Amino acid sequence: MPDVSTSLLLDHFVTALRTGVRPVAVWAHGSLAGGDYQEGRSDLDLIAVLDGPVTQDLRGHLRRLHRDLRATHPLAARLHCGYLDRGRLTDADLPHPAWAHERLMDRPVTPVTRRELHAFGRVFQGPGPVDLLPPVDAAELRDFLVRDQRDYWRPAVDRAELWRRDIWVDLGLLTHARAAVALREGRLITKGEALTVLAGAGAPAEVVADIRERRYGKAELHESRGEGAGGARKDEAHEGWLGRRAALTRDHLAPAIDALVAAYR
């Protein structure tokens with residue numbers, strides 16, 4: 001179950017939607033629905049189904065709603081919500097308005113998200129995903145996963161500058177492990193389960209441990225490295241680790257993605 005701060009944020013958000021947007025349904029997917037949620041570290045992934053398209057006026061309302069929420073709840077920076085027109089749910093490639101990373105964008109609700117919603121989506125309001133969303137068959141899921149690894153993640157591995165950042169290391173490795181299990185076994189796993197898969201698949205142990213500590217450990221999320229000579233030495237060591245971690249991650253992912261694509265294309 002989410003902690004108190006998360007529950008308060010979700011209650012506030014769903015109430016605000018009911019008042020100003022009046023959605024047909026509100027669902028959660030991702031770690032919030034799958035039992036792997038870590039407050040302050042995990043995103044809150046939500047879907048609101050509307051009884052019509054998102055007009056320009058409604059876009060303005062949604063921006064204000066999310067910015068007001070951010071001013072009241074620090075965790076709202078991690079709240080992402082896609083807004084789907086009930087009449088346009090069948091096409092998984094169709095982009096829908098979505099609030100994510102503190103801005104409104106347009107992006108599709110992927111076959112992975114749709115499969116998550118069917119498998120373990122959490123319902124906050126209205127009918128459940130199985131009542132509104134068409135199911136995702138094995139071929140559609142496979143094609144998406146292979147395409148995502150081949151066309152998005154594999155070219156990204158060649159961009160060395162990206163992999164000094166935590167988010168690229170974490171998502172690159174975890175997404176690959178989750179895709180491999182989904183392709184091999186037809187089931188979706190959590191990020192926590194993906195860490196175990198990575199450990200058994202030859203991923204660099206020190207990088208897996210680093211991800212596990214940042215996601216599940218008790219260390220502060222934003223640790224100060226201090227000032228003066230001691231701080232400088234700590235900064236230098238940290239920079240060295242970021243470079244080593246990036247190289248280890250890229251060296252593992254490049255052949256792993258190539259092998260996965262070759263096996264399932």
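Please read all numbers here as calculations on a predicted model, not as lab measurements.

Reading the values: the criteria
Residues numbered from 1 in each chain as written. Predicted model: local features only at pLDDT ≥ 70, side-chain atom pairs only at ≥ 80, totals over all residues. Heavy atoms only, no water. Helix = DSSP H or I, 4+ residues; strand = E, 2+ residues; numbered from the N terminus. Buried < 20%, exposed > 50% of the residue type's maximum accessible area, 1.4 Å probe, protein only. Contact = heavy atoms within 4.5 Å. Core = buried A, V, L, I, M, F, W, Y, C linked by side-chain atoms within 4.5 Å. Axes fitted to C-alpha atoms, helices over the stretch in contact; angles between N-to-C directions. Parallel < 35°, antiparallel > 145°, perpendicular 65-115°, else oblique. Nonpolar A, V, L, I, M, F, W, Y, C, P; charged D, E, K, R; others polar.

Novice: Would you mind showing me how to read the side chain of His252 here?
Specialist: By the element assignment, His252 lies in helix α10 (residues 228-264). When its relative accessible area of 12% is taken as the criterion, His252 is described as buried. Contact partners of His252, with chain neighbours within four places excluded, come to Leu173, Ala201, Gly202, Ala203 and Pro204.

Novice: Just to check I follow, could you spell out the environment of Ala263 for this structure?
Specialist: Its location among the elements puts Ala263 in helix α10. Ala263 gets classed as exposed once you look at its relative accessible area, which sits at 56%. Taking the C-alpha atoms as reference points, Ala263 and Arg187, 76 residues apart in sequence, are found 17 Å from one another.

Novice: It is not clear to me how unusual backbone geometry should be interpreted in this structure. Could you clarify?
Specialist: A negative phi angle is the norm for most residues apart from glycine, just as the trans form is the norm for most peptide bonds. Phi is positive for Arg22, which is not a glycine, with a value near 55°. With a relative accessible area of 67%, Arg22 lands in the exposed category. A positive phi angle is found at His101, which is not glycine, with a value near 55°. Residue placement: His101 occurs in the loop between β4 (95-100) and β5 (103-108). On the accessibility criterion, His101 (53% relative accessible area) is exposed.

Novice: Can you walk me through the nonpolar core in this structure?
Specialist: As a rule of thumb, nonpolar side chains are buried together in soluble globular proteins. Grouped together as the largest cluster of nonpolar side chains are 35 residues, with contacts concentrated most on Leu145, Trp163, Leu173, Leu198 and Ile211. The set of elements that each furnish at least two residues to this core consists of α6 (138-157), α7 (166-185), α8 (191-200), α9 (205-216) and α10. The greatest single-element share of this core, amounting to ten residues, is contributed by α7. Each residue touching Trp163, except ones within four places of it in the same chain, is listed here: Trp153, Ala156, Val157, Trp168, Val169, Gly172, Leu242, Ala246, Thr249, Arg250 and Leu253. Counting 25 residues, the second largest nonpolar core, distinct from the first, contains Leu10, Leu44, Leu50 and Leu69.

Novice: Would you explain the packing of helix α4 (residues 111-120) against α6 in this entry?
Specialist: Pairs of packed helices are described in terms of their axes, by the angle between the two and the distance that separates them. Between α4 and α6, the least distance of the axes is 9 Å, while the angle of their chain directions is 135°. If you check the angle between α4 and α6, you find them oblique. For the pair formed by α4 and α6, the contact residues are Pro111, Val112 and Arg115 on the first element and Ala138, Glu140, Leu141, Phe144 and Leu145 on the second. For the contact of α4 with α6, the class distribution of residues is six nonpolar, no polar and two charged.

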